[in-house]
Amino acid sequence: MTVLVAKDVTPESVVLRYDWTVEQVRELLERPLMDLLWQAQLVHRAANPGYRVQLASLLSVKTGGCQEDCAYCPQSMHNSSDNQGQPELVFQVQTVLEHARAAKEAGADRFCMGWAWREIRDGTQFEAMLAMVSGVREMGLEACVTAGMLTDEQASQLADAGLTSYNHNLDTSPEYYEQIITTRTYHDRLETLQRVRSAGISLCCGGIIGMGESIEDRSSLLCVLANINPHPESVPINALVAVEGTPLEDLSTVDPLEMVRMVATARILMPRSRVRLSAGREQLGREAQILCLQAGADSIFYGDRLLTTSNPHVEADRELLAQAGVQVSCEATEE
Ligand code: SAM
Ligand code: DTB
Ligand code: SF4
C-alpha cells in the first residue's frame, strides 16, 4: 500500500485509487491511532492545504410521514417517533429562502434541504423544490437536496435549476443493510447515485456508525464509497442519534474515537472529497471534534438544528473552529 512520508506532502503526491479491498480498508481503520492520524494528516495537508472548513446549513423542508422503514430515522412512518397524526410539515418557497438567507448571514456557504420522501414526486412540490434550488443558488450559496430516489428526468431538471449536490447516503455496508432498511435495496441506492452523476450533479454520499454494525461493516461501507469513480465530492460521516421511538433508541452512543477513525480513514481513501462531520457532534465533545478536523474533516453541519434533532449552537461552533485554528472556507476564499 502506498504510504506518504512527510517530505512527500505536495498536491502532486496525492494518489487517487478506486480499487480498494475491504481488507485494506480494515487495515487502515484498525491501525494504531497515532499512525492512522499521521497518515490522514499527511494526505489531508497534501490534498487540501490550509485546514479550511466548509459550513453547511441544513433545513427539513418536508418533515415526517416517510414510507421507508429506516431503523435509525425519526421520520419513518414505521417508527413511533414519527408524528403520524399530524399533518405533514411542509415549508413553502419563501420560507425556505428566508432560512437560506439567515444561514448565509450566519456564515454558511452551503444550504442543504431535506424531504422525508422515499422518492421525489412530480407536481407542485417538485416545482417548489426547483424554485428553492434556483433561489438558493441566486444568493451565491451552494445548494444540496436530499429527497430519496429520483428519475433521470427529475435529476436533469434539478441540474438545470442549478443544484450543486444531491445527498443520498449508503448508510451502512451492503452486508448489514437489510438489518437497517427493508423497503429499498442497496442496489436502488447505487442506481440513484448513478442517475445523479449522469445529470452532472455532485454526489454527497456517506453513512452512519453506531447502529450495531461491526468493524467489517464499517470497512465495507468505506470500501464501497472509495471505489466509486470519481469519489463522491462530499462524504458525510454521521454518528447515530438514537431517537426515542425508533428501533435503535436503546443503542449507546459511539465512542468518539470511532468517529475519529472513520473520518481519518475516509480522508486517506478519498483524499480530495469533502469529509463532513455530520450528525452526532453533540455527543462528541470538543477534543474529539478537533481530532476529527485534524484527521481531515473539512466540513460540518452548522446551525442549531439538523433535520429533526439538535446540533451544536452556532456560537459554540465558531468558538470550536477558532480554538482549532481552522479557517471557514467561504471566508478564506474572500481573502
Ligand atoms: N429521505 C431521504 C433519504 O433517505 O435519502 C433524505 C433524508 S434522510 C433523513 C438523510 C440521511 O440522514 C439518511 O440517509 C441518514 O444517513 C441520515 N440520518 C437520518 N436519521 C439519522 C439519525 N437518527 N442519526 C444519524 N443520521 C441520520
Ligand atoms: C447527512 O448525512 N446527515 C444529515 C444530512 N445528510 C441530510 C441528516 C442528519 C439527520 C439526523 C437526524 C435528524 O435530525 O433527524
Ligand atoms: Fe428517513 Fe430518508 Fe429513510 Fe425516509 S428514506 S425514513 S426520511 S432516512
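Now for a description of the structure that goes with this document. (Residues numbered from 1 in each chain as written. Chains lettered and ligands numbered in written order. Predicted model: local features only at pLDDT ≥ 70, side-chain atom pairs only at ≥ 80, totals over all residues. Heavy atoms only, no water.)

Observations concerning the pairing of strand S8 (residues 234-239)
The line we're drawing: Per-residue accessibility, obtained with a 1.4 Å probe over protein chains only, is compared with the maximum for each type, and a residue is labelled buried under 20%, exposed over 50%, and partly exposed between these values. Only DSSP runs of H or I covering at least 4 residues are called helices, and only runs of E covering at least 2 are called strands; the numbering of each starts at the N terminus. In this scheme, strands are said to pair when DSSP sees at least two bridges between them. Every crossover in which the path from the first strand over the helix to the second runs clockwise, viewed with the strands pointing away from the viewer, is termed right-handed.
Of all six residues making up S8, six are buried, and the element is well covered by its neighbours. A two-sided burial pattern is seen for S8, the buried positions comprising Ser-234, Pro-236 and Asn-238 on one face and Val-235, Ile-237 and Ala-239 on the other. For strand S7 (residues 207-209) and S8, the ladder comprises three bridges, and the chain directions are parallel. Across the sheet, the residue bridging to Ile-208 is Asn-238, located in S8. Each parallel crossover has a hand, and the one from S7 via helix H8 (residues 215-226) to S8 is right-handed. Pairing analysis gives four bridges linking S8 to strand S9 (residues 274-277), with the strands arranged parallel.

Remarks on the packing of aromatic side chains
Basically, it comes down to this: The rule is short: rings of Phe, Tyr and Trp, with Trp giving its six-membered ring, pair when the centres are within 6.5 Å, and they are stacked under 30 degrees, edge-to-face over 60, tilted in between. By definition here, charges over rings are those cases where NZ of Lys or CZ of Arg is within 6 Å of the ring centre and within 35 degrees of the ring normal.
Counted by the stated rule, this structure contains two aromatic pairs. Ring geometry for Trp-115 and Trp-117: centres 6.1 Å apart, planes at 35°, overall tilted. Judged by centre distance (5.1 Å) and plane angle (85°), the rings of Tyr-177 and Tyr-186 are edge-to-face. Exposure remark for Tyr-177: the relative accessible area of 2% places this residue in the buried category. On the accessibility criterion, Tyr-186 (9% relative accessible area) is buried. The ring centre of Phe-301 lies 5.5 Å from the NZ or CZ of Arg-276, which sits over that ring.

Digging into the pattern of salt bridges
How we decide: Salt-bridge detection follows one rule: a side-chain nitrogen of Lys or Arg within 4 Å of a carboxyl oxygen of Asp or Glu.
Summed over all chains, the structure comprises 16 salt bridges. Taking the shortest distance from any N to any O, the salt bridge between Arg-218 and Glu-213 comes out at 2.8 Å. You'll find Arg-218 and Glu-213 in the same group, each marked buried. Salt-bridge contacts for Arg-218 lead to Glu-258; the nearest nitrogen and oxygen are separated by 2.5 Å. Here Arg-218, found in helix H8, pairs with Glu-258, found in helix H9 (residues 256-269); they are 40 residues apart in sequence, far enough to count as distant.

Brief notes about the site of ligand 2
For the record, the criterion: In this text, near means that some heavy atom of the residue lies within 4 Å of the molecule or strand in question. Whenever two N or O atoms come within 3.5 Å, that pair is a polar contact, provided that in protein one can donate a hydrogen and the other can accept it, and provided that, for residues adjacent in sequence, both atoms are side-chain atoms. Every accessible area reported is derived by Shrake-Rupley at a probe size of 1.4 Å, with residue values counting cover from the shown protein chains alone. We call Asp, Glu, Lys and Arg charged. Ala, Val, Leu, Ile, Met, Phe, Trp, Tyr, Cys and Pro are nonpolar, and the rest, Gly among them, are polar.
Asn-169, Asn-238, Leu-307, Thr-308 and Thr-309 are the nearest of the 13 residues found near ligand 2. Leu-307 is positioned such that a nitrogen or oxygen atom in its backbone is 3.0 Å from an oxygen atom of ligand 2. Here ligand 2, which alone exposes 410 Å², has 88% of that area covered by the protein. When grouped by side-chain class, the residues that make up the shell around ligand 2 number seven nonpolar, six polar and no charged.

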